[in-house]
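Below are the chains, spelled out letter by letter.
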Amino acid sequence: MAQSQSVALARITPRRMPVAAGEAPRMPLSRRQKAAVIVRLLLAEGAPLPLSALPEALQAELAEQMGEMRLVDRSTVEQVASEFLSELEEVGLTFPAGLDGALSLMDGHISQATASRLRRQVGIRPDADPWDRIAALAPEQVAPLLDAESPEVAAILLSKLPVAKSARLLSQLPGERARRVAFAMSRTGNVDPRTVRRIGLSLLMQLDSQPPRAFDTPPQARVGAILNVAPEITREDVLRGLAEEDAGFAEEVRKAIFTYAHLPQRLSARDVPKLLRVVDQPTLITALSAAQGNPEREAATAFILENISPRMAQQLREEMAKRGKIPAKEGEAARTLLIEELRGLEAAGELRLRQPEEEE
């Protein structure tokens, strides 16, 4: 039990309520009735109770028990609360309920193959809800299921996910596919709960049957990350070669690449000052000055200068004028350092870079 709940319980009952020798409670209660008394006391205090985490069968039993009870005398309530607090004080360690909870606790400490095998066992248990695990997955893990399944199954999947996650996934679907899935939701009103559970189990088995991957990111993202910091001549040469071999993959790699020239499309104007605070002055001046002669890089430099204070922009222009012409390698190195600092801000959660397909 959370600390706030035990504090709430202690606030409404004396601890270790004394009972006269040989005196029995006025109303002997079963353990299920005692649980109902404790829950009723905590609800009266407004303490948070994550009862939804209990198996559905226990939730139903608790609700039925509370519905059967009427009045309990004060001395019995005090004794039950005191007994419960005494038991809490003796608890030294708690374990997660069930195999699924244990696997979540041990995530990263046991092999993926073992975890997948055990999770498949969890999926076929009659009291396991597959949607709990599916709802906890990251959007990028769920997205392939939306692409592969029928609109009706995709509609049920989105209906069982948190609203924010469903909205994000729906926005990533092509327009026609998104409309078909949204329309399919109108036909899910009378779907049998057992059917929904079977669909969840099927989706879960698909996820668990996928072999472990050596890399967390897709190949186009890995190639793009390497080309981001590669010399420009190397980057363009590799992209030309990729286009000859596989035009589709080359286009995906181009989308994953983020260079100085992409700043106006990828960086929000309000985040420009954040970038300038982490880039040292010599590097910044070099990167800004080396943009001359390249229209895309000149546009990126103008974007930076337009989104800072006029006084600071004027100071930077004066420093750029003093630098004069910048050697190509020096300018490229400065631009690479600037982008690395920007990626560091993104990784730290200080800002969010727009994706190539997004618009301001």
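You'll find the protein chain entered in an unreviewed UniProt entry as Flagellar motor switch protein FliG, with Gemmobacter lanyuensis given as the organism. Under Sequence similarities (unreviewed entry), UniProt gives the following word-for-word description of the protein chain: "Belongs to the FliG family."

Participant: Report on the overall build of the protein chain, specifying residues and quantitative values.
Facilitator: Each helix and strand in the protein chain was counted, giving 21 helices and zero strands. Element-wise, carbon and sulfur atoms account for 55% of the exposed surface of the protein chain, whose accessible area totals about 22,400 Å².

Participant: Describe in detail helix α20 (residues 310-323), supporting the description with residues and values.
Facilitator: Helix length check: α20 (14 residues) gives 20 Å between terminal C-alpha atoms against 20 Å at 1.5 Å per residue, within 8%. Listed in full, the buried residues belonging to α20 are A313, L316 and M320. Axial view of α20: buried residues confined to an arc of 65°, hence all on one face. Exposed residues lying more than 90 degrees from the buried face of α20 are R311, A321 and K322. Tucked inside the fold, the buried residues of α20 contact α17 (272-278), α18 (281-289) and α19 (295-306).

Participant: Can you break down the pattern of salt bridges residue by residue, with the values?
Facilitator: Summed over the entire model, instances satisfying the criterion amount to eleven salt bridges. Here R187 makes a salt bridge to E152, at a shortest N to O gap of 2.9 Å. With R187 in the loop between α11 (175-185) and α12 (193-208) and E152 in helix α9 (residues 151-160), the pair connects residues that are 35 residues apart, well separated along the chain. E152 gets classed as partly exposed once you look at its relative accessible area, which sits at 37%. A salt bridge links R297 to E232; the shortest N-O distance between them is 3.2 Å. One end of the pair, R297, is in helix α19; the other, E232, is in helix α14 (residues 232-245), and 65 residues separate them in sequence. On the basis of relative accessible area, R297 is assigned to the buried category, the value being 15%. A relative accessible area of 29% places E232 in the partly exposed class.

Participant: Please set out α18 residue by residue, giving values where relevant.
Facilitator: Along α18, seven of the nine residues are buried, which leaves the element largely enclosed by surrounding structure. Where α18 is concerned, the buried positions are T283, L284, I285, T286, A287, L288 and S289. Where α18 is buried, its residues contact α17, α19, α20 and α21 (328-347).

Participant: Can you tell me about the nonpolar core, naming the residues and giving the values?
Facilitator: In this structure, Y260, L263, L267 and L338 are the most contacted members of the largest nonpolar core, which totals 28 residues. Examining the composition of this core, we find that five residues originate from one element, α21, more than from any other. In this structure, V142, A143, L157 and L203 belong to the second largest nonpolar core, which totals 24 residues.

Participant: Break down the packing of aromatic side chains for me, citing the residues and quoting the values.
Facilitator: Per the stated rule, a full pass over the model turns up zero aromatic pairs. The cationic tip of R266 hangs over the ring face of F258; the distance from NZ or CZ to the ring centre is 4.9 Å.

Participant: Describe the packing of α18 against α20, naming the residues involved and giving the relevant values.
Facilitator: Running from N to C, α18 and α20 cross one another at 75°; their axes reach a closest spacing of 9 Å. Our classification of the angle between α18 and α20 gives roughly perpendicular. Note on element contacts: α20 touches α18 through L316, E319, M320 and R323, opposite Q281, L284, I285, T286, L288 and S289. Partitioned by chemical class, the residues of the contact of α18 with α20 number five nonpolar, three polar and two charged.

Reading the values: the criteria
- Residues numbered from 1 in each chain as written.
- Predicted model: local features only at pLDDT ≥ 70, side-chain atom pairs only at ≥ 80, totals over all residues.
- Heavy atoms only, no water.
- UniProt positions renumbered as here; feature names shortened; annotations may be inferred.
- Helix = DSSP H or I, 4+ residues; strand = E, 2+ residues; numbered from the N terminus.
- Areas by Shrake-Rupley, 256 points an atom, 1.4 Å probe, with all protein chains shown as cover.
- Expected span 1.5 Å × (residues − 1).
- Buried < 20%, exposed > 50% of the residue type's maximum accessible area, 1.4 Å probe, protein only.
- Arc of directions from axis to C-beta.
- Contact = heavy atoms within 4.5 Å.
- Salt bridge = Lys/Arg side-chain N within 4 Å of Asp/Glu carboxyl O.
- Core = buried A, V, L, I, M, F, W, Y, C linked by side-chain atoms within 4.5 Å.
- Phe/Tyr/Trp six-rings, centres within 6.5 Å; stacked < 30°, edge-to-face > 60°.
- Lys NZ or Arg CZ within 6 Å of the ring centre and 35° of its normal.
- Axes fitted to C-alpha atoms, helices over the stretch in contact; angles between N-to-C directions.
- Parallel < 35°, antiparallel > 145°, perpendicular 65-115°, else oblique.
- Nonpolar A, V, L, I, M, F, W, Y, C, P; charged D, E, K, R; others polar.

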